[in-house]
Amino acid sequence: MTAREQVARLARVLAAVRATRTGLWALAAGMLAFAVLRLLAAFGVVVPRPGMVAAVLVTAVAAGAVAYWRGGAAASPTRAALWVEEQVPGLDYALVTAADPRFAATAPFLAPRLRDIPWERLSRAAAVRALAPPLVVLLAASALLLVTPRGHTAAPAARAPGAGGSTATTPPAASPLARLRATVQPPAYTGLPATTLDDPASVAAVVASRVELRGAGEGSVAAELGGRAVAVTRDGRAWRLSLAMPHAPGALRLTSGGAERLVVLEPRADSAPVVTLARTVVDTVVRAPTGGIPLAGEATDDFGLASAAWEWIASSGEGENFTFRSGTLGGAALDGRRRAEPRATLSLDALELKPGDFVHVRLVARDRNTVSGPGVGVSETRTIRVARVGEYDSLAVEGAPPPEVDKSALSQRMLLLLTERLEERRPRLARATVVSESQAIARDQTALRKRVGELIYTRLGEGVDGEHSHFAGDGHEHGVEGKLDPADLLAQASKATGGGEPTMLDFEGDETPVVAVNQPLLEAYNHMWDASRELEVGAPGRAIAPMRRALVALQKAREAERIYLRGRPPAVVVDVARARLQGKDSAGVVSGRTPREDIDAAAAARARRLDRALLLLDAQPAAAVDSLLLLRVDALAEAPALAGALGDAIERLRGGRDATDALRRARRLADGEPHTAPGLPAWSGGGW
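Conventions and cut-offs
Residues numbered from 1 in each chain as written. Predicted model: local features only at pLDDT ≥ 70, side-chain atom pairs only at ≥ 80, totals over all residues. Heavy atoms only, no water. Core = buried A, V, L, I, M, F, W, Y, C linked by side-chain atoms within 4.5 Å. Buried < 20%, exposed > 50% of the residue type's maximum accessible area, 1.4 Å probe, protein only. Helix = DSSP H or I, 4+ residues; strand = E, 2+ residues; numbered from the N terminus. Contact = heavy atoms within 4.5 Å. Pairing = 2+ DSSP bridges. Salt bridge = Lys/Arg side-chain N within 4 Å of Asp/Glu carboxyl O.

**Student:** Hey, could you run me through the nonpolar core in this one?
**Tutor:** As a rule of thumb, soluble globular proteins bury nonpolar side chains together. One finds Leu-610, Leu-628, Leu-642 and Leu-646 to be the most contacted residues of the largest nonpolar core, which totals 29 residues. Of all the secondary-structure elements, those providing two or more residues to this core are β10 (259-268), α14 (601-619), α15 (621-638), α16 (640-655) and α17 (660-671). Top element by residues in this core is α15. It accounts for eight residues. Leu-642 has contacts with Arg-606, Ala-635, Ala-666, Leu-669 and Ala-670, leaving out every residue within four places of it along the chain. Ranked by size, the runner-up nonpolar core spans 26 residues in total, among them Trp-312, Leu-353, Val-359 and Val-386.

And the structure:
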């Protein structure tokens, strides 16, 4: 092998040694940093896991970069030749000259001087000098890792608002409860993979999932859930327990010696399929039982559908003699699809229906729940009726216009639909657009309210130009429009029927037909006034409730027109005044009554429990965290938002991070989240 080839081979060896040296220094520095952090944890100084990973990575990268930089420039053939000249005195640059391609002609003359260079010994010496220091540090870091304990204490608990500097700790490092690992295996029908959680404070899984907790350490371990013991098995220093996720939230209590730990179990229920019909599937009347009716719907499920089918029931007969037939059509296996659109055609010819028969149709879907199911979801039922003989025989007459109250009810229903649609689109619209469309509906609502007011006073004997029929902006300056007074209505009713005093007209305790008809119209008028006021300021959501009440009042007015009293009605059995606590006791003395309990007593109790737990954070932090865990168990079903905020606070407390914001959010949720608006509404410029 020529001198040039020997130098190129040595250059490759030196490059490999340099790369290996860089990697060893990075690995040794990272292991040493990890060992130091574990040693500090044994004395109660714990860095959270993300910080520990970041510290190890930064140390390893920094050590590798320094080692690579101190290794010098890349080992080229020329530098390798110069390095050999330094190690073997007396060559007098003969090797550098022979390795240079420009002096290839002189290589044969220099070969005798280069024959005795110890190439192998030089390579081994270079590798030993470069790799020995990082190997020593790596062995020392490994030994330190072997002697430091695996468990660690918890980081200091975050201070609660206004709390002192006391900290809470989990069980000591030697306790078998110090480090836990949870494995969750969902039921097979869900298709979900198994998951593993390290040191969890809570475990969330589908109901009936298999939850396994494992740990290691000396000492016995006992477990209890809902007052019942859970079996714990041991294998040497390791222990494990396995249980099915219950249907209700609970706290699994683990004890070992004097140490105690809680793990919250959060069940996730498998919902039944949600089934809806297409808009084209409606109740139908057919003249002849022939042809087919297309059926379409949609079924969805959280973990997958098993099957879907259309069910039908046909009824025939009249009076007390009825016969029923039932069946299914369009059945299909869905093989775990989460969404399906079953379609079928209902053949009326195949059902052999007769005039007057009914067919009821609905869509039924089932999921793949093999634990507590299957869950069944059904759609609304649609009815197909065959017209009776002679049903369409009729006499053509001139159609009369609908009564005024009917027209008002129809118009109010249309305005209500427009307002509800605007409220649905409001989050996606600009504020100016919402105000503009809301004020347009308000103008129509005001016009309709004026028609109702005119109708009231027209029925009471006054024309639309009566003294009580003025409205703001009508040209008569009699003041600002407002709600109508029921006393004024009664006075006008008395005047219309011949009396001049606002007294009951027919019998004491009874309403006259005039009042019975116009009282609902008065209520509708006042509700419309409230709705107009909200619509004018661009608040369609607050206008929906009074608009619905106005529609109900108009419906009452329609029904009142169809009532004809032929005598005094029987006395009412229920004493309304007494039921409303407006009457007097039989002795004429009102006894003391205890005030009602708070409507949301459960929420108030949760708020008090949270306050007590926050007070414990200063003196007994570990007990405070346990109290928050138990409160979260109770809040999972009734107050999920509060449970989420508590879960965030618990994780921060156990991880040694600041939990102030999470605890404040939980406290606000315990009292009820305040209603907030994105900004002040635009000035309407009138209508008040």
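On we go from here.
**Student:** Help me understand the pairing of strand β4 (residues 210-216), please; the structure alone is not making it clear to me.
**Tutor:** It is a general feature of regular strands that their side chains alternate between the two faces of the sheet. Pairing of strand β1 (residues 181-185) with β4, which is carried by five bridges, proceeds in the antiparallel orientation. Across the sheet, the residue bridging to Thr-183 is Glu-212, located in β4. Sheet topology places β4 next to strand β8 (residues 238-244); seven bridges connect them, and they run antiparallel. Residue pairing for β8: Glu-212 is matched across the bridge by Ser-242.

**Student:** Explanation requested: unusual backbone geometry in the structure shown.
**Tutor:** Peptide bonds are trans in most cases, and residues, glycine excluded, mostly fall at negative phi. Non-glycine residue Ala-208 carries a positive phi angle of around 80°. Looking at where Ala-208 falls in the secondary structure, it is placed in the loop between β3 (202-206) and β4. Taking the relative accessible area as the measure of exposure, Ala-208 reaches 27% and is therefore partly exposed. Of note in the backbone geometry, Glu-352 takes a positive phi value of approximately 55° without being a glycine. On the secondary structure map, Glu-352 appears in the loop between α7 (348-351) and β18 (358-367).

**Student:** What exactly am I supposed to notice about the pattern of salt bridges here?
**Tutor:** Between side chains of opposite charge, pairing is possible as soon as their charged atoms come close. Enumeration according to the criterion identifies 24 salt bridges in this entry. As a salt-bridge pair, Glu-341 and Arg-339 come within 2.6 Å of each other at their nearest N and O atoms. With relative accessibility at 41%, the residue Glu-341 sits in the partly exposed group. When the shortest N-O distance is used, the salt bridge between Arg-533 and Asp-530 registers 3.7 Å. Of this pair, Arg-533 and Asp-530 both sit in helix α11 (residues 513-536), three residues apart, which is roughly one turn of that helix. Linked by salt bridges that have partners in common, Glu-298, Arg-339, Glu-341 and Arg-343 make up one network.

**Student:** For this particular structure, what's the right way to read the environment of Thr-22?
**Tutor:** Inspection of the secondary structure puts Thr-22 in helix α1 (residues 3-42). Non-local contacts of Thr-22, meaning those with residues more than four positions away in its chain, are made with Gly-64, Ala-67 and Tyr-68.

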